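Spelled out from the first residue to the last, the chains are:
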Amino acid sequence: MAMFKKQIRFTGKHAEIMQKYCKDKGGDQEIKFTVSNNSGLNKDIYIFENRIDIYLIGGMIGVLEKRKAEIDRSTSTYATIMVEIIDKYRNHLNRLYQHMILAEDSELDPDTRIKKAFKVQMSDEESEIEQKNLEDYVRGGLEIIDEIFCECKTYEDICNCMFELTERYQLSNNDD
Amino acid sequence: MLIRKMILNNFRNFKNTEINFSCDPKKKITIILGQNTYGKTTLVKAFIWCLYKINLFEDKILLNSDISDYLLVGKEETAKVMVEFEHKGVSYRITTKETYSRSSSDNIVVAKKAYSTGLKVVEQNTIPISENHIDEEIESILKPELKEYFFFDGETNSIEQVSAKKNLTVAVTNILGISTIEAFKEYYDPHRSDSVPSALRKDLISSDELNAIDLNNQLEKYTQQRQTYLDEIETIEREINELDNQLEEKNNLLDANKDVEKDQNDKKRLEKEIETAKFDKDKAFDRMIQIVNGSSAFLKILFAKSFVKYNLKELMEKSSFKSNSSYKGINEEAVNELIKAGRCICGAEIKNGNDAYRHLMEAKQHMEPHDYSKYISDFVSAEASNIYNAETICENIRSEAGIVNNKIEAIDEYETRLKTIRERIEGRLDVGSIQSEINNIMYQKGHQQSVLENSKSKIPDIEKKIDDINEKITKSSEANEENAFILKCIEYSNSIYQLAITQLEQSKMEIREKLQDEVSTIFKAMYHGNREIIIDENFRASAIVTDGNQDKNLDKSTGLGTVVNYSFVAGLMNLAKQSLLKNELTNDDNIGESYPLVMDAPFSNTDDEHIKNICKTLPIFCDQIIMFVMRKDYNYAIESIREQVGKLYRIQKESETDAIVCEEDL
């Protein structure tokens, strides 16, 4: 597969979401996620360790919620995931792509869909289209994450959001 | 000593107050009414400060806080109390002042420490008392150590505790004149170097000069040694007495603040629990974030969800890629080589279009890099195992989030309770720190007592040595006839010494008996129950039930303890008035003189009938009573004492920093 060969770069509000909820801030302008610890102290916290984590989780949430979002360039903020990191997480990235293809509504019969999901080689043009498609889901998922956590002011709020998140994606929940 | 007047200027919460006390023998009582915190205790402490310059306030700044708040840097203001009293026909006016200024660091500081000025009027002549002699003059009227038997502020010295005081022997012997006999005994004590027999012994002429010098040197050495120990004992006893007073004061504070003790313990426990809960909450939050923030754990939940939601296992089943159709270990490149060679490993010919060729072309779809059966099969088995993991991970996240929320709720609840407790104990005493101080004082006292025991144990040996040396000196002097008269005198002074010892013991016993009779009579007039008073060898009073058993649990609801103490004070004063020991040995000038009883009257735990009885009985035995009471307590007593009240005042609180004393109609 020729996907995930280059560094990944997010811009605008999606880059801001990545920065806000990740420990690994980077960029010129640090976007903090500050909440009260319910004991009178305000703390800068993070939900995800690295940008690759929020990328993968955002991508899966996008796939599960069937939500895509276009590239945003409303601000000059950017967030990059370096090739070295991508290489390290390649198995997870491939798995994310496979879920996207297998779960996607399409006219394709099961054999074709499986072949597409596990295809070993792609042309540059083809892989660019597929990666764009995947990152649309990632952006959609990032927006959902932000919608869940953006109102959090306290530890208690965050815990309630965690409850909501696990509730939403627990296997016994059939609200889909 | 009868108190006529007191004027306070800028003193604590009294900016300008004048109180004239009743000195009418038929109307002995002055009542000052005031609610709690209005300043009743301040007025009692003002007497003590004015007369003895002893500041009994916790906050040592005496200047009115309104005045101190507006005091400019470099300027001075003075807190002042004037007390006018009469003693043995002489009028005294004592004024004590303390001057304050504001320092450049904006603190109120003492610019001039408490100092007194005084005047006395003797036979219509006004004589100033020099500043150096004021303390001496007041001490001659009422010794500082006795003041606490006449001035009860209810806080540092409360009437509730008086009959249990440790130093009662000193007080009683002073008040009742036994001190004179004690002084007499000391004067004839052969073990003292400055006593009569010692002085006489120095005049003896010895036949053996060298031996006499040696004996006298030894005598001097031992008398000095004895005196050193006695001085040490006196110092330690004074220190122990001071420690006892501190203990008594601290225990009174503890008793008065018993209700806060539980609150203060609860407060400490809650603060600790809040601290622990906060720590646990933060740790649980961190653990929850750790589960989420590494991508793999939370990602497993999402993979599993996707696998189930989109029936991906079913997708595999619907496809032609079955797990058993995979050619494991053979790849497309190897098959291409066989086709190119035109012959299989088994020897069969491979020719474009024949069966072998078609079979190999079909097989290439199920081997690397197109082994989709294997790929989808691996995918399905990996995601199936994620299903189990996902449930556990979800549970762990929820569990940690639950801990955080529970801790937050607990902290909220603790903080609400803590706030209520803090409001309740605001401004109250820290009982825990007082208890630590008590423990510290007890430790110091224990140490001092062991030093005291050690010093006391030395005295009999030294006295024995002194007696032996005296005996030797006497013996060696007997041979010389010129010594006969002196030896007779020494013998005579020894007899006086023995007589004084006997007299002292007898006097103490008599006083104890009379004090018990006196206190019992008063107690019976005041107490409506079935008990009697016993005075022990240390002059401490206690009430026993009539069957003779000591009642350890004083009946608090009827205020038995209060009645015992009032009886004791009244009995002590009455005994002093009666000039108990009218023999030649008791010539204390103050016996029979009047003294005031100034008290913040503790009637809070005393029933109505006892309040009436106390108020009715006290004036019979006291010449002047200045009583600070709450109006509700006065209302119980009014019927019994109406005829004896000469002045009635009430403290009116204008603000927290300004109170005045207004006279009311009787």
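Residues numbered from 1 in each chain as written. Chains lettered and ligands numbered in written order. Predicted model: local features only at pLDDT ≥ 70, side-chain atom pairs only at ≥ 80, totals over all residues.

(A) Representation of the overall build of chain A in the model. Helix and strand counts for chain A come out as seven helices and four strands. Listing every helix and strand of chain A by position from the N terminus yields β-α-β-β-α-β-α-α-α-α-α. Going through the 176 residues of chain A one by one, you find that 40% of them count as buried. Residue pairs at least 24 apart in sequence account for 77% of intrachain contacts in chain A once pairs closer than 6 positions are excluded. (Helix = DSSP H or I, 4+ residues; strand = E, 2+ residues; numbered from the N terminus. Buried ≥ 20, exposed ≤ 12 C-beta atoms within 10 Å, placed from the backbone. Contact = placed C-beta atoms within 7 Å.)

(B) Just helix α14 (residues 431-478) of chain B, in detail. Residues and elements named next belong to chain B. Counted at 1.5 Å a residue, the expected span for α14 with its 48 residues is 70 Å, and the 68 Å between its end C-alpha atoms agrees. Taken as a whole, α14 has its buried residues at V431, I462, I466, I469, I473 and S477. Buried residues along α14 sit against α6 (196-202), α7 (209-256), α8 (258-293) and α15 (484-526). (Expected span 1.5 Å × (residues − 1).)

(C) A look at the nonpolar core. Counting residues in each nonpolar core, the largest one holds 91 residues, and the members touching the most others are M6, A46, F47, V81, V83 and V598 of chain B. Ranked by residues supplied to this core, first place goes to helix α16 (residues 560-577) of chain B with 10 residues. The residues that make up this core include at least three from each of domain 1 (1-142 + 601-611 + 624-666) and domain 2 (160-205 + 494-594) of chain B. If you look at the next biggest cluster of nonpolar residues, it comprises 78 residues, including V63 and L64 of chain A together with L302 and L315 of chain B. (Core = buried A, V, L, I, M, F, W, Y, C linked by C-beta atoms within 7 Å. Domains from an automatic or database assignment.)

(D) Geometry of unusual backbone geometry. All names here are of chain B. For the peptide bond that leads from E368 to P369, omega is 0 degrees, which places it in the cis range. Within the secondary structure, P369 sits in the loop between α12 (355-363) and α13 (372-425). Located in the positive-phi region is N311, a residue other than glycine, with phi close to 45 degrees. With respect to the helices, strands and loops of the structure, N311 is situated in the loop between α9 (295-309) and α10 (312-318).

(E) Structural detail: the interface of chain A and chain B. Taken together, the contact between chain A and chain B spans 38 residues of the former and 42 residues of the latter. Looking at the side of chain A that touches chain B, the elements with two or more residues in it are α2 (51-65), α4 (90-103), α5 (110-117) and α7 (155-169) of chain A. Here the side of chain A that touches chain B takes eight residues from α2 of chain A, the largest share from any one element. Along the lines of polarity and charge, the residues of the side of chain A that touches chain B split into 23 nonpolar, eight polar and seven charged. (Nonpolar A, V, L, I, M, F, W, Y, C, P; charged D, E, K, R; others polar.)

(F) A look at the environment of R73 of chain A. Residue and element names in this part refer to chain A. With respect to the secondary-structure elements, R73 resides in the loop between α2 and β4 (78-81). For R73, a count of 12 C-beta atoms within 10 Å puts it in the exposed group. In sequence terms R73 and T11 are 62 residues apart; their C-alpha atoms lie 5.9 Å from each other.

(G) Expanded view of the pairing of strand β3 (residues 29-33) of chain B. All names here are of chain B. Of all five residues in β3, five are buried, a share of seventy percent or more. As paired strands, β3 and strand β12 (residues 624-629) are joined by five bridges and run parallel to one another. Counted as the bridge partner of T30 is I626 from β12. Here five bridges tie β3 to strand β13 (residues 645-655), and the two strands are oriented parallel to one another. Within β13, the position partnered with L33 by the bridge is R650. (Pairing = 2+ DSSP bridges.)

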